[in-house]
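Close look at the chain arrangement
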Amino acid sequence: ARLARSASATATLDGVIVSPDLPEEYGFLLEDGPQPRLRALNRARMEQICATIAAVSPAGRPLLLKNPWDYAGNFRLVKSLFPAAKFIFLLRDPLAVVNSQLRAVREMLGEPNPYAALLAPWYARLLERPRLRRALHALYAGPTGLRITRRHVARAAAYHIANIGALPADDVFTLRYEDLCAAPQRWVERMVRFSRTTAARCAGDEPLIAPRRAELLPEVQRNAARIRGQLRAYCAWYGY
């Protein structure tokens, strides 16, 4: 009920209209912090999350969970804590990733987002300190915000390239976001086969899979060559 009241039909988070039925990242349940990720200390909580979801899901359905912070420098630890885990890496043009992350941070720091505050107690506490929030917004609104975001995306990409080979090949499925949007049914079927579960169709779900065409921020556009240069190996590997 609280979520329904907080997420109106016009509320958005990173360009997505939010609602009580919107699938969310499990990191919000793991830790109270801006970079929540799986650790040995919260493994029991993760097991509890999985057990709760499994209890309300059809029998035999595999759990498909998402948390970007466990992609950014942490998936080898996830595999060590949950050896049976399989990974679907959904990759995207790094310019779009930098653009999306920078827009999201600026939006959250610029105007209070009740939905985000409900999910993340640390953000709710930040809203109680408007001077600090305004200072952080000013920081991310300028060139420093782009530099911070660019470095974060570059580190995550470098970790991916350096460590994906350490995962068993049979436990990894990699695809590009752009390819998924271009042929959703084909890729959903492939992911279903990878997960060794029953067939699934995405008829009627195309609007959820269709690409979000946010215009690149001017500073991202101006620094496109520099961003791609920082992610040269990643771009070459995945055809960006």
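Scope of this entry: the structure provided in the associated data block. Along each chain, numbering runs from 1 in the same order as the chain's sequence is written. Reporting of local features is limited, given that this is a predicted model, to residues whose pLDDT is at least 70; pairs of side-chain atoms are given and counted only at 80 or more, and all residues count toward the totals for whole chains, interfaces and linings. Hydrogens are left out, water is left out, and the side-chain values use all remaining heavy atoms of the structure.

This part takes up the overall build of the protein chain. The helix and strand tally for the protein chain stands at 16 helices and four strands. In the protein chain, which comprises 240 residues, the share counted as buried stands at 38%. Contacts are assigned to residue pairs with any non-hydrogen atoms lying within 4.5 Å of each other. Relative to all contacts within the protein chain whose residues are 6 or more apart in sequence, the contacts with residues 24 or more apart total 68%. For every accessible area listed, the method is Shrake-Rupley and the probe measures 1.4 Å; residues are considered covered only by the protein chains on display. In the structure as shown, the protein chain presents an accessible area of about 14,200 Å², 57% of it carried by carbon and sulfur atoms. Secondary structure counts use DSSP, requiring at least four H or I residues in a row for a helix and at least two E residues in a row for a strand, with both numbered from the N terminus. Only protein chains enter the accessibility calculation, which uses a 1.4 Å probe; a residue whose area is less than 20% of its type maximum is buried, one above 50% is exposed, and one in between is partly exposed.

A helix is expected to span 1.5 Å for every residue after the first. End to end, helix H6 (residues 94–110) covers 24 Å across 17 residues, agreeing with the expected 24 Å (1.5 Å per residue, within 8%). Where H6 is concerned, the buried positions are Pro94, Leu95, Ala96, Val98, Asn99, Ser100, Leu102, Ala104, Arg106, Met108 and Leu109. Sitting at the head of H6, Asp93 places a side-chain oxygen 3.0 Å from the backbone nitrogen of Leu95. Pairs of N or O atoms are called polar contacts if they sit within 3.5 Å, as long as, within protein, a hydrogen donor faces a hydrogen acceptor (for residues adjacent in sequence, only side-chain-to-side-chain pairs).

To continue, consider the packing of aromatic side chains. Here a Phe, Tyr or Trp ring, Trp counted by its six-membered ring, pairs with any other such ring whose centre lies within 6.5 Å, and the pair is stacked when the planes are under 30 degrees apart, edge-to-face when over 60, and tilted otherwise. A complete count under the given rule lists 11 aromatic pairs for this structure. Centroid distance Phe173 to Phe194: 5.5 Å. Interplanar angle 45°. Geometry classified as tilted. Within this pair, whereas Phe173 is found in strand S4 (residues 172–176), its partner Phe194 is found in helix H12 (residues 184–195), the two being separated by 21 residues in sequence. As far as the burial class goes, Phe173 and Phe194 line up, both buried. In this arrangement the basic side chain of Arg43 is found over the ring face of Phe82, its NZ or CZ atom lying 5.3 Å from the centre. If you follow Arg190 out to its NZ or CZ, it ends over the ring of Trp187, 4.6 Å from the centre. Only when the NZ atom of a Lys or the CZ atom of an Arg is both within 6 Å of the ring centre and within 35 degrees of the ring normal do we say a charge sits over the ring.

Our focus in this paragraph is the nonpolar core. Ranked by internal contacts, the top residues of the largest apolar core, which has 41 residues, are Met46, Phe89, Tyr123, Val220, Leu231, Tyr234 and Tyr238. A per-element tally of this core places helix H10 (residues 143–163) first, with six residues. Apart from residues no more than four positions distant in its own chain, Met46 is found in contact with Tyr26, Leu30, Leu38, Leu65 and Phe82. Within the second largest apolar cluster, nine residues are counted, among which are Trp187, Val188, Met191 and Phe194. Only buried residues count toward a nonpolar core, which is a set of Ala, Val, Leu, Ile, Met, Phe, Trp, Tyr and Cys residues joined through side-chain atoms within 4.5 Å.

Okay, the environment of Ala72 next. As for its placement among the helices and strands, Ala72 is situated in the loop between helix H4 (68–71) and helix H5 (75–81). Using a relative accessible area of 14% as the deciding quantity, one classes Ala72 as buried. Considered as a pair, Ala72 and Ala154 are 82 residues apart in the sequence and their alpha carbons are 9.7 Å apart.

Looking now at the pattern of salt bridges. The salt bridge definition used is simple: a Lys or Arg side-chain nitrogen within 4 Å of an Asp or Glu carboxyl oxygen. Under the definition given, this model contains eight salt bridges. Lys86 serves as the salt-bridge partner of Asp171, at 3.1 Å between the closest nitrogen and oxygen. Remark: Lys86 occurs in the loop between H5 and strand S3 (87–91) and Asp171 occurs in the loop between H10 and S4; sequence separation between them is 85 residues. Using a relative accessible area of 14% as the deciding quantity, one classes Asp171 as buried. Here Lys86 falls in the partly exposed class, since its relative accessible area comes to 33%. Arg228 serves as the salt-bridge partner of Asp93, at 3.1 Å between the closest nitrogen and oxygen. Residue Asp93 is located in the loop between S3 and H6, and its partner Arg228 is located in helix H15 (residues 224–230); the two are separated by 135 residues in the primary sequence.

The alternating pattern of S3 places Phe87, Phe89 and Leu91 on a buried face, while none of Ile88 and Leu90, on the opposite face, is buried. DSSP-based pairing: two strands are paired if at least 2 bridges between them are found. With five bridges joining them, S3 and S4 adopt parallel strand pairing. Paired with Phe87 across the bridge in S4 is Val172.

Honestly, that's just the spatial picture; any functional story needs more than this.
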